[in-house]
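# Per-entry structural report
Listed below, chain by chain, are the residues.
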Amino acid sequence: LKKFFPDKKLVFFQCHFRNRLMLKDYINIKQKFKIDYFFCWGRLFINNYYKKFIDSKFIVSGSIKNNFIKINNKSNKKDLIFISQYRLNKDKKKEFFYFYKKLINSALSFCKSNRIKLKILGSKQIYEHARKEIDFYNKIINPIYKKNFLYIHNKGNLFSYKYLSNYKYVLTSTSSLGYEAASKGMRVAFIFRYIYKYEKPWLFNKTGKIWTNKIDNKNVSKVLRNIYRIKKNEILDIKKRYITPLV
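The notes below deal with the structure included here. Small disclaimer: the values here were computed from a predicted structure and weren't measured. Sequence order sets the numbering: in each chain, residues are counted from 1 along the sequence as written. For this predicted model, a pLDDT threshold of at least 70 governs which residues receive local features, and a threshold of 80 or more governs which side-chain atom pairs are given and counted, while totals over whole chains, interfaces and linings are taken from all residues. Side-chain metrics in this entry use all non-hydrogen atoms of the structure; hydrogen atoms and water are not considered.

### Comments concerning the pattern of salt bridges
We define a salt bridge as a contact between a side-chain nitrogen of Lys or Arg and a carboxyl oxygen of Asp or Glu at a distance within 4 Å. Scanning the entire structure with this criterion turns up five salt bridges. For Lys 2, the salt bridge identified is with Asp 36, shortest N-O distance 2.7 Å. You can see Lys 2 sitting in the segment before strand E1 (11–13) and its partner Asp 36 sitting in strand E2 (residues 33–40), a full 34 residues away along the chain. The exposure classification of Lys 2 matches that of Asp 36, with both residues buried. In this structure, the salt-bridge partner of Lys 119 is Asp 79, at a minimum N-O distance of 3.1 Å. One end of the pair, Lys 119, is in strand E5 (residues 118–121); the other, Asp 79, is in the loop between helix H3 (64–68) and strand E4 (80–83), with 40 residues separating them in the sequence. Labels follow the DSSP assignment, with helices taken as runs of H or I lasting at least four residues and strands as runs of E lasting at least two, numbered in each case from the N terminus. Residue burial is assigned from relative accessible area. The probe radius is 1.4 Å, only protein chains are included, and a residue is buried under 20% of its type maximum, exposed over 50%, and partly exposed in between.

### Details of a nonpolar patch on the surface
Grouping into patches uses exposed residues only, defined as over 30% relative accessible area, and leaves out salt-bridged ones; the cut-off is 9 Å for like charges and 5 Å for nonpolar side chains (Val, Leu, Ile, Met, Phe, Trp, Tyr). All accessibility values rest on the Shrake-Rupley procedure with a 1.4 Å probe; residue burial counts only the protein chains present in the view. There is a patch of nonpolar side chains on the surface, built from Leu 1, Phe 4, Phe 5 and Phe 12 and spanning about 480 Å² of accessible area. By relative accessible area, Leu 1 is classed as exposed at 61%.

### Structural notes on the packing of aromatic side chains
Two aromatic rings, drawn from Phe, Tyr or Trp (for Trp, its six-membered ring), form a pair once their centres lie within 6.5 Å of each other, and the interplanar angle then sorts them: stacked below 30 degrees, edge-to-face above 60, tilted otherwise. Counted according to the given criterion, the structure contains 21 aromatic pairs. On the basis of an interplanar angle of 80° and a centroid distance of 6.1 Å, the ring pair of Phe 97 and Phe 136 is categorised as edge-to-face. Linking Phe 97 in helix H4 (residues 94–113) with Phe 136 in helix H5 (residues 127–140), this pair joins segments that are 39 residues apart in sequence. The partly exposed category is assigned to Phe 97, whose relative accessible area is 25%. Phe 136 sits in the buried class, given a relative accessible area of 9%. Taken together, the ring pairs in this structure connect Phe 12, Phe 17, Phe 38, Phe 45, Tyr 50, Phe 53, Phe 58, Tyr 179, Phe 190 and Phe 192 into an aromatic cluster. Charge over a ring is defined by NZ of Lys or CZ of Arg lying within 6 Å of the ring centre and within 35 degrees of the ring normal. Stacked on the ring of Tyr 167, the Lys or Arg Lys 77 has its end atom at 4.6 Å from the ring centre.

Function cannot be inferred from these measures alone, as they are strictly geometric.
Laid out in structure tokens, this is it:
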């Protein structure tokens, strides 16, 4: 664009989390993209990737959309919000189907044992697509947990950010919204999918207090138990070490 409009200021904003798989094809391009200002989530993205294929003045802004919505620090809701990453095409693959089936049922096992409601924050805004998403979860969730979860239709705009702002406890795989929630100091459990070699977390080891790459009941329950029990200063320490470089 800069080549066609040299007199115009070109400004880009990072709006989603990007993993190694998404960015690796750009690193060795011969000519860098010229952008006047690039607002990105965290410094790690700049140093490890963007500087290698973009010529720009980089500004660490965090997530702009996430910055619009403040969290309700007085909320005492115990519900667990699961951020759905359902995709109409991706989740037809056997590995994704297996991953979500194991993860959601492991999470529901924990929730049922601890009398916690699991709320699935949907990813689809169009009603027909949301219907398919609901059908997907109804298909993979064990019937014994049918009364332990509730599907929340994503109404678009900033709905997901506003909805999450009233809760404390979040479960995600590798969603952008999950990293954004963690950047605010919310209690987010990460169950990484990179065991299937689709992506790898940036700074995390295979297992930690609030993350794991194992989807069995024991390991998922351990991580979820921790987000409910560990002290606030521990959450803030994890945020500073692992999340702030990203968002």
